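# Understanding the architecture of this molecule
One letter stands for each residue in the lines below.
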Amino acid sequence: MHVLVTLRQLTKIMPSQWQQYVQNGLRTGYEDWLGHMLNKAPYEQSTPSFWRRHRHDRLVERWVRAVGPERVTVVVVDDRGRGGLMRTFEALLGLPENLLQPVPDTANRSLTLAETEMLRNLNREFRGNGLPDELYSRLVRNGAVMHMKNTCSPTPQDVKISTPQRAVEAAAGIGAEMVDRIAHTGVRVLGDPALLSSLPTSSGQGPREPRSAPEVAAQALYGALAAAAAVPVRHSTPIKARTVHQTPSVELVKVLGHRCPKKLRRH
C-alpha cells in the first residue's frame, strides 16, 4: 500500500470549501466564516470538518502513523500549469505521457459569489422556518443547485468569491507551519512546498457587487419545482448524455436491471 496526498494552498481551498458548505446548508457569510476558522480557537465553529481535512500537516502525520513515512508521498499541486497533477500521476504509475485527460463535469463546478449568496439567503429562510433536512436535500441540494449548475455556466462578468487580504495572510502563515511540520515527517514530497505558504498576487481590482442573472434564479427555481413534483428535469435545449463514469452506481444498476430481462427475452 502507498498513500498519496495532494495538497493545495489554503487561500485557494477556502472559497471553494465555503461555497460547498453553503450548498450543504451553511448560513454563515464568507467573512464571518473566515473569522471563525482563522481567528477563533479551536477553529471548529460552523464547519468542524474543515480543519480535519485541511490541516495538511496533521493529515500527513495521521497517515505516517498508519503506514510509515516510506509509504507516503505528498504532491504539492501547482495550479499555474494545466494538467500538472495528471502528468505527476502518469510518472508515478509509469503510464504514457498525456494518457490522462480532464473530463468536463458541470455538476462539480463551483458556484459564483452571486449564486452562493442567493443560496445562502435561501438557507436562512429554509432553516429559519424549521423545515426538515430531508426536504432541503431533495428540493435544494439535489433540485435547485444541481439543475442550476448543469444549465448555467459562469461568464467573465460573474464575480468570483474573493478572500480578504488579512485572511490570505493568516492562511499563508498556517501554510508555513504546515510545510515545516510535513518536512519533519520524512515523507517524499513532489513539487514546491513553498507554494503552500506563498501569497497570491493581487488582481488589482476592487470588490465588485455580485448580481444574479434572472435566468440563473429561474433555473434554480425550476430545479426545485421539478424535484418537488418528482419528475425528470427537462431541458429546453439539447444536452450531452452523461458518460458511464458520471452516472451514479445506483442508476447504473437500475438500467441494467431494466435491460437484462429484455435481452434474455429476445434470445
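Preceding block: the structure.
So, a few notes on the structure that sits alongside this text. Small disclaimer: the values here were computed from a predicted structure and weren't measured. (Residues numbered from 1 in each chain as written. Predicted model: local features only at pLDDT ≥ 70, side-chain atom pairs only at ≥ 80, totals over all residues. Heavy atoms only, no water.)

The tally for this structure, following the rule as stated, stands at 11 salt bridges. The shortest N-O distance in the salt bridge between E61 and R181 comes to 2.8 Å. A residue pair is termed long-range when its members are at least 10 positions apart, and E61 in helix α4 (residues 56–67) and R181 in helix α8 (residues 165–183) qualify at 120 residues. Classification of E61 as buried rests on a relative accessible area of 18%. Residue R181 is classed as partly exposed on the basis of its relative accessible area, which comes to 32%. Through salt bridges that share partners, R55, D57, E61, E177 and R181 make up one connected network. (Salt bridge = Lys/Arg side-chain N within 4 Å of Asp/Glu carboxyl O. Helix = DSSP H or I, 4+ residues; strand = E, 2+ residues; numbered from the N terminus. Buried < 20%, exposed > 50% of the residue type's maximum accessible area, 1.4 Å probe, protein only.)

The next subject is the packing of aromatic side chains. A complete count under the given rule lists six aromatic pairs for this structure. Taking 5.1 Å as the distance between ring centres and 40 degrees as the angle between the ring planes, the aromatic pair formed by W18 and Y30 counts as tilted. A residue pair is termed long-range when its members are at least 10 positions apart, and W18 in helix α1 (residues 10–23) and Y30 in helix α2 (residues 30–39) qualify at 12 residues. Note on W18: relative accessible area 0%, which makes it buried. Seen in terms of ring centroids, W33 and F50 are 5.3 Å apart; in terms of plane orientation they differ by 85 degrees. Their pairing is edge-to-face. Of this pair, W33 sits in helix α2 while F50 sits in helix α3 (residues 49–54), placing them 17 residues apart in sequence. Among the aromatic side chains, those forming a connected cluster through ring pairs are W18, Y21, Y30, W33, F50 and W51. Just above the ring of Y136 sits the side chain of R127; from NZ or CZ to the centre is 4.4 Å. (Phe/Tyr/Trp six-rings, centres within 6.5 Å; stacked < 30°, edge-to-face > 60°. Lys NZ or Arg CZ within 6 Å of the ring centre and 35° of its normal.)

In the case of a regular strand, side chains alternate between the two sheet surfaces. Judged by which residues are buried, strand β1 (residues 3–7) turns out to be one-sided: V3, V5 and L7 face inward and are buried, whereas L4 and T6, on the alternate face, are not. Two elements, β1 and strand β2 (residues 72–76), share five bridges in a ladder whose sense is parallel. Looking at β2, one finds that V5 is bridged to V74. (Pairing = 2+ DSSP bridges.)

Moving on: the sheet that holds β1. Adjacent strands of a sheet pair through backbone hydrogen bonds, lying either parallel or antiparallel. In space, the three strands of this open sheet follow the order β1-β2-β3, with parallel pairing throughout. Looking along the sheet, the strands with just one partner apiece sit at the ends: β1 and β3 (188–190). On average, each strand axis in the sheet is tilted by 20 degrees relative to the strand beside it, whichever way the strands run. (Axes fitted to C-alpha atoms, helices over the stretch in contact; angles between N-to-C directions.)

With that out of the way, let us pick up the environment of N150. Mapped onto the elements, N150 comes out in helix α7 (residues 133–151). By relative accessible area, which is 37% here, N150 ends up partly exposed. A C-alpha to C-alpha distance of 8.9 Å links N150 and R109, two positions 41 residues apart in sequence.

Shape descriptors only; they carry no functional weight alone.
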